[in-house]
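Descriptive structure summary
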Amino acid sequence: MNLPAQLRALDDYFVPPPLLENPEVARRARLVVRFAFVGGVFGSCYAFFYLLIGHLWGAAIIIGCSLAMVSVPWLLRKTGGLAVAGNLHALILTIGFCGLTSIEGGVHGHAIAWLASVPLCVLLLVDSRAAVVWCGICFLATLFFCALEGWGIAVPIRYPARWHSAVTGAGFLGLTIFLSTLGVIFETGRRRAFRRMQDALHDLSRANRRLTQMNEEKNEMLGIAAHDLKNPLTAIIGFARMIATTDSASPERVKADAGEIINASTHMRSIVSDLLDIDAIEEGKFPLDIQVCDLVELASAAIENQKLPADAKQITLDFTHPAEPAPIKGDFRAILQVLDNLISNAIKFSPVKRRVFVRLKKGEEEVSLEVQDEGPGLSEEDHARLFEKFAVLSARPTGGESSTGLGLSIVKRLAEAMGGRVSCRSEPGAGATFVFEMRAAAGRN
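Residues numbered from 1 in each chain as written. Predicted model: local features only at pLDDT ≥ 70, side-chain atom pairs only at ≥ 80, totals over all residues. Heavy atoms only, no water.

1. A few points about the side chain of Gln 306
Rule in force here: Counting from the N terminus, the helices are the DSSP runs of H or I reaching at least four residues and the strands are the DSSP runs of E reaching at least two. Here, residues are in contact when the closest pair of their heavy atoms is within 4.5 Å.
On the secondary structure map, Gln 306 appears in the loop between α9 (295-305) and α10 (307-312). Excluding anything up to four places from it in sequence, Gln 306 contacts Leu 317, Asp 340, Ile 343, Ser 344 and Ile 347.

2. Topic: the packing of helix α4 (residues 82-101) against helix α5 (residues 117-125)
Short version of the rule: The convention used is that axes are lines fitted to C-alpha atoms, helices contributing only their stretch in contact, and that angles between N-to-C directions extend from 0 to 180 degrees. Each angle gets one of four labels, with under 35 degrees taken as roughly parallel, over 145 as roughly antiparallel, 65 to 115 as roughly perpendicular, and the rest as oblique. Just so you know the grouping, Ala, Val, Leu, Ile, Met, Phe, Trp, Tyr, Cys and Pro go in nonpolar, Asp, Glu, Lys and Arg go in charged, and all remaining residues, Gly too, go in polar.
It is the contact of α4 with α5, at a shortest axis distance of 9 Å, that shows an interaxial angle of 170°. In terms of orientation, α4 and α5 fall into the roughly antiparallel class. Along its contact with α4, which presents Gly 86, His 89, Ala 90, Leu 93, Thr 94 and Phe 97, the element α5 presents Ser 117, Val 118, Cys 121, Val 122 and Leu 125. Split into classes, the residues belonging to the contact of α4 with α5 amount to seven nonpolar, four polar and no charged.

3. Re the sheet that holds strand β7 (residues 432-439)
The line we're drawing: Two strands pair if DSSP finds at least two bridges between them.
Spatial ordering of the open sheet is given by β2-β4-β5-β7-β6, a layout of five strands whose pairing is mixed. At either end of the open sheet lies a strand with only one pairing partner, and these are β2 (316-320) and β6 (421-426). The mean inter-strand angle of the sheet, taken between neighbouring strand axes irrespective of direction, is 15°. Direction of pairing for β6 relative to β7: antiparallel, over a ladder of six bridges. Counted as the bridge partner of Val 422 is Phe 436 from β7. Those strands touched by α9 are β2, β4 (355-362), β5 (366-372) and β7, and its axis lies near 175° from that of β2.

4. Some words on the pairing of strand β3 (residues 327-331)
Using the following cut-off: Relative accessibility under 20% of the residue-type maximum defines a buried residue, over 50% an exposed one, and the middle range a partly exposed one, all with a 1.4 Å probe and only protein chains included.
The buried count for β3 comes to four of five residues, which makes it a mostly enclosed element. When strand β1 (residues 290-294) meets β3, the two strands line up antiparallel, connected through five bridges. Its bridge partner lying in β3, Cys 293 is registered against Ile 328.

5. Notes on helix α13 (residues 407-417)
Taken residue by residue, α13 has Gly 407, Leu 408, Ser 409, Ile 410, Val 411, Leu 414 and Ala 415 as its buried positions. Positive backbone phi, at 85°, marks Gly 419, one or two positions downstream of α13.

6. Things to note about a nonpolar patch on the surface
Rules: Residues enter patches when they are more than 30% accessible in relative terms and free of salt bridges; like-charged ones are connected within 9 Å and nonpolar ones (Val, Leu, Ile, Met, Phe, Trp, Tyr) within 5 Å. Areas reported here follow the Shrake-Rupley algorithm with a probe of radius 1.4 Å; residue values treat only the protein chains shown as occluding. Salt bridges are defined by distance alone: a side-chain nitrogen of Lys or Arg within 4 Å of a carboxyl oxygen of Asp or Glu.
A surface patch of nonpolar side chains, amounting to about 390 Å² of accessible area, comprises Leu 51, Leu 56, Ile 63 and Leu 67. For the nonpolar patch, the leading source of residues is helix α3 (residues 56-79), giving three residues. With respect to the helices and strands, Leu 51 occurs in helix α2 (residues 23-53). Residue Leu 51 is classed as partly exposed on the basis of its relative accessible area, which comes to 46%.

7. Structural notes on the environment of Val 411
Looking at the secondary structure, you find Val 411 in helix α13. The class of Val 411 is buried, set by a relative accessible area of 1%. In the structure, Val 411 is positioned 10 residues away from Arg 421 in sequence and 9.1 Å away in space, judged by C-alpha atoms. When near neighbours in sequence (up to four residues on either side) are disregarded, Val 411 contacts Val 338, Asn 341, Leu 342 and Val 422.

8. Some remarks on the pairing of β5
Most of β5 sits inside the fold, with five of its seven residues counted as buried. In this sheet, β5 lies alongside β4 in antiparallel orientation, the contact comprising six bridges. Within the sheet, the bridge partner assigned to Leu 360 lies in β5 and is Leu 369. The antiparallel hairpin formed by β4 and β5 contains three residues in its connecting segment. Sheet topology places β5 next to β7; seven bridges connect them, and they run antiparallel. If you follow Ser 368 over to β7, its bridge partner there is Glu 437.

9. Regarding α4
The following threshold applies: An expected span of 1.5 Å times one less than the residue number is assigned to each helix.
Look at α4: 29 Å from first C-alpha to last across 20 residues, which is about the 28 Å you get at 1.5 Å a residue. Of all 20 residues in α4, 14 are buried, a share of seventy percent or more.

10. What to know about the environment of Arg 354
Defined as follows: For the purposes of these results, a polar contact is taken to be a pair of N or O atoms within 3.5 Å, where, inside protein, one atom must be able to donate a hydrogen and its partner to accept one; residues adjacent in sequence count only when each atom of the pair is a side-chain atom.
Its place among the elements puts Arg 354 in the loop between α11 (332-348) and β4. According to the relative accessible area criterion, Arg 354 is partly exposed, its value standing at 36%. On a C-alpha basis, the gap between Arg 354 and Leu 317 in space is 9.1 Å, while along the polypeptide they are 37 residues apart. Ignoring anything within four residues of it in the chain, the contact list for Arg 354 reads Gln 314, Ile 315, Thr 316 and Glu 374. At 3.4 Å, the side chain of Arg 354 and the backbone oxygen of Glu 374 are in polar contact.

11. Let's talk about the nonpolar core
One broad trend across soluble globular proteins is that nonpolar side chains are buried collectively. We count it as follows: Take the buried Ala, Val, Leu, Ile, Met, Phe, Trp, Tyr and Cys residues and link them wherever side-chain atoms come within 4.5 Å; each set so joined is a nonpolar core.
Residues Phe 35, Val 118 and Val 122 are the most contacted members of the largest nonpolar core, which totals 51 residues. Within the residue set of this core, elements represented by two or more residues are α2, α3, α4, α5, α6 (128-150) and α7 (164-245). If one sorts the elements of this core by residue count, α2 sits on top with 10 residues. In contact with Phe 35, not counting residues within four places along its chain, are Met 69, His 89, Leu 93, Cys 121, Leu 125, Phe 178 and Leu 182. Core analysis: the second largest hydrophobic core is formed by 45 residues, Ala 334, Val 367, Val 411 and Met 418 among them.

Structural measurements only, silent on function.
The structure is reproduced here in structure tokens:
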């Protein structure tokens, strides 16, 4: 633990936990603790000096005040009274400086000047209202000693006269150091508060941007959902009405209409499923059951799942892979969803009678699966938005297929949640190749 951390730990030992809940209160409480120990150090130095020159009365006053100041953190720890502790510091200082002034020549000594530091200390330790009160108290104390001088009442000097210059010089030197220390503390606190304010404003600005983005995404999601769900709903209603109102419909016609209803319903379910998945992933509620899976087996299953849409466009799915299994660690369902999305996208954006290449490569540390299509490729602008939610790309499905703009966003988030990654290589007019990479596993469960 470094020195600042050790000092903070020492401060927090004396600061009751309730005072640490508010940053400003915690700052003042720590200052009360530090002020006590700094005062103890100052007092020890002056007490030692006074003992050396035979100023026993002065040493006694300083030792008593120093012990009282050092006891304040214990009082704070026991009672939690921050205002009481700060005002107690002010009382000890005022009594000590007045006591020294009364035995060091009154207005002709240095101690009276130290009274000016009391309101500044209270301003740092308590608040501005208390500082005004103590300013008045110190003013009256100073006025009292000035009145004694005006009335011709001599205030005694209780140390050897030959040390007068040394005592006065040491007093003013210490006051300069003390006030400078208060200035540094004040400026440090101001800068820290300013940084906290800047950080808070930055966090607020970032949160506002995020809220604005989320609101835009919500509006976009509602728009897309409404638009994409409207067509299949219209189809379902239309075909259902045809079945209900056509008395002489042949079984073949009924079967065909029912098939259209199934297709439209499946499309709707896909849209709703994507919306629910992306929401669950972003909120961390998408359950992942990480275990060892064979990527060859999963890729084969994904290709089998996409054979019908591929056959409808007369697209050949070309799968190359090692002869042995390719074990990886991931969630079976999530990996299958990633592969389904990648192969499905390749089919959507490929012209009729083309090929989609699925290549599985097994390395020592990683296993990668490439899905390459012979579609129109992606522009530079498309690359920048490729994995965003609701991304609308320049390339469009070649067979009129629908797209929610969520598939690749889901792919990226699922891959990263399992410790993998997804990337894309593409040029306009040269197709696109998506690469799904995962760390290789030692074996299968």
